[in-house]
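Commentary on secondary and tertiary structure
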Amino acid sequence: MDLDFSVVIEYFPRLLTGMWTTIELVILSIVLGAIVALPLALARISKNRWISSLPFAYIFFFRGTPLLVQIFLVYYGASQFEAVRESFLWPVLREPFWCAIIAFTLNTSAYTAEIFRGAIQAIPEGEVEACKVVGMTKTQMYRRVLLPRAFGIVLPAYGNEIILMLKASALASTITLLDLTGMARTIIARTYTPIEIFVAAGVIYLAISMVVIYIFRLVEKRQNRYLGSLSIKVPDKG
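Residues numbered from 1 in each chain as written. Predicted model: local features only at pLDDT ≥ 70, side-chain atom pairs only at ≥ 80, totals over all residues. Heavy atoms only, no water.

An unreviewed UniProt entry lists the chain under the name Arginine ABC transporter permease protein ArtM, from Marinomonas piezotolerans. According to its UniProt record, the chain has this under Sequence similarities (unreviewed entry): "Belongs to the binding-protein-dependent transport system permease family. HisMQ subfamily." (UniProt positions renumbered as here; feature names shortened; annotations may be inferred.)

Turning our eyes to something else, we now look at the overall build of the chain. Of regular secondary structure, the chain possesses ten helices and zero strands. The helix and strand sequence of the chain, counted from the amino end, reads α-α-α-α-α-α-α-α-α-α. Expressed as lengths along the three principal axes of its C-alpha atoms, the size of the chain is roughly 70 × 50 × 25 Å. The buried share of the chain, taken over its 238 residues, is 42%. Across the chain, every contact between residues at least 6 apart in sequence was considered, and the portion connecting residues at least 24 apart equals 80%. The centroid of the 22 positive side-chain charges in the chain is displaced by 12 Å from the centroid of its 16 negative side-chain charges. (Helix = DSSP H or I, 4+ residues; strand = E, 2+ residues; numbered from the N terminus. Buried < 20%, exposed > 50% of the residue type's maximum accessible area, 1.4 Å probe, protein only. Contact = heavy atoms within 4.5 Å. Lys, Arg positive; Asp, Glu negative; His and termini not counted. Charge placed at Lys NZ, Arg CZ, Asp CG, Glu CD.)

Within this structure, the stated rule accounts for four salt bridges. For Glu127, the salt bridge is made with Arg149, and the minimal N-O distance between the two is 3.3 Å. With Glu127 in helix α7 (residues 125-133) and Arg149 in helix α8 (residues 138-168), this residue pair connects regions lying 22 residues apart in the sequence. Given a relative accessible area of 9%, Arg149 falls into the buried group. Through salt bridges with shared partners, a single network forms among Arg44, Arg63, Glu114 and Arg117. (Salt bridge = Lys/Arg side-chain N within 4 Å of Asp/Glu carboxyl O.)

Once that is clear, we can look at the environment of Leu40. Mapped onto the elements, Leu40 comes out in helix α1 (residues 6-44). For Leu40, a relative accessible area of 13% translates into the label buried. In the structure, Leu40 is positioned 70 residues away from Ala110 in sequence and 8.1 Å away in space, judged by C-alpha atoms. Dropping the residues within four chain positions of it, Leu40 is found in contact with Pro55, Tyr58, Ser109 and Ala113.

Here we take up helix α9 (residues 180-191). For α9, built from twelve residues, the straight-helix expectation of 16 Å at 1.5 Å per residue is met to within 8% by its first-to-last C-alpha distance of 16 Å. Within the sequence span of α9, burial applies to Leu180, Thr181, Gly182, Met183, Ala184, Ile187, Ile188 and Thr191. Looking at the packing, one finds that the buried side of α9 touches α1 and α10 (194-223). Trailing α9 by a residue or two, Tyr192 shows a phi angle of about 55°, which is positive. (Expected span 1.5 Å × (residues − 1).)

Let us now look at unusual backbone geometry. The phi torsion at Thr176 lies on the positive side, around 70°, for a residue other than glycine. Take Thr176: its relative accessible area is 58%, and that puts it in the exposed class. Of note in the backbone geometry, Tyr192 takes a positive phi value of approximately 55° without being a glycine. Turning to its location among the elements, Tyr192 is positioned in the loop between α9 and α10.

Glancing now at the side chain of Thr112. Considering the arrangement of structural elements, one finds Thr112 in helix α6 (residues 96-121). Its relative accessible area of 0% is what places Thr112 among the buried residues. The contacts of Thr112, once residues within four sequence positions are left out, are Ala37, Tyr158 and Glu161.

Their axes nearest at 7 Å, the elements α1 and α9 cross at an angle of 150°. Here α1 lies roughly antiparallel to α9, going by the angle between them. In the crossing of α1 with α9, the sense of the turn from one axis to the other is right-handed. Counted together, Val7, Tyr11, Arg14, Leu15, Thr17, Gly18, Met19 and Thr22 of α1 and Leu180, Met183, Ala184, Ile187, Arg190 and Thr191 of α9 form the full contact between these two elements. (Axes fitted to C-alpha atoms, helices over the stretch in contact; angles between N-to-C directions. Parallel < 35°, antiparallel > 145°, perpendicular 65-115°, else oblique. Left-handed = near helix turned anticlockwise from the far one by under 90°.)

The structure is reproduced here in structure tokens:
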């Protein structure tokens, strides 16, 4: 079997086009997911069972079901309902890009909420008591001390979640989206060179992961330069 890596050079611009689509998917999903995850995490640690039960059910569902199923439910499931097809949401829900964004956001928000919850609960009780002693309200305590402190604790686990989301983004190709994996499959269908193209796509994914790791190490070093680091477990995907 002869390998012809010249095809990689020929189609590399198309792989880069798919790469930018992948990066857009991951960035939008991570940002929106974090926005959803923070209130979920705060509700999850509430001592009121009525408040904590709903985010618990949300997190349990999206962590307990495969991401691929969630993508199919959004992309194929929504179109089954006539009310959805006739609503103002249909121009969004009929586009595979936005369906992937919705599914990825819902999925990553569940994992991120658990990471945020773990980080908040990992803060030493003494720091919480110190906030109460100086007369801070609960809002002031979270805004000035606990959330900034949790941000430093959460960075290693959150960086891992972004890398997991990057790898999971390859599932977007199953709904006709030409992300990096989708573009690679399209090129392979034309050139019949699966090894060469998938190796090239894998190298690009690896390069993106290395950049993410480097950025998070710099941010973590700066954020925690005056603080002792605490570690929390990363929830397993799947």
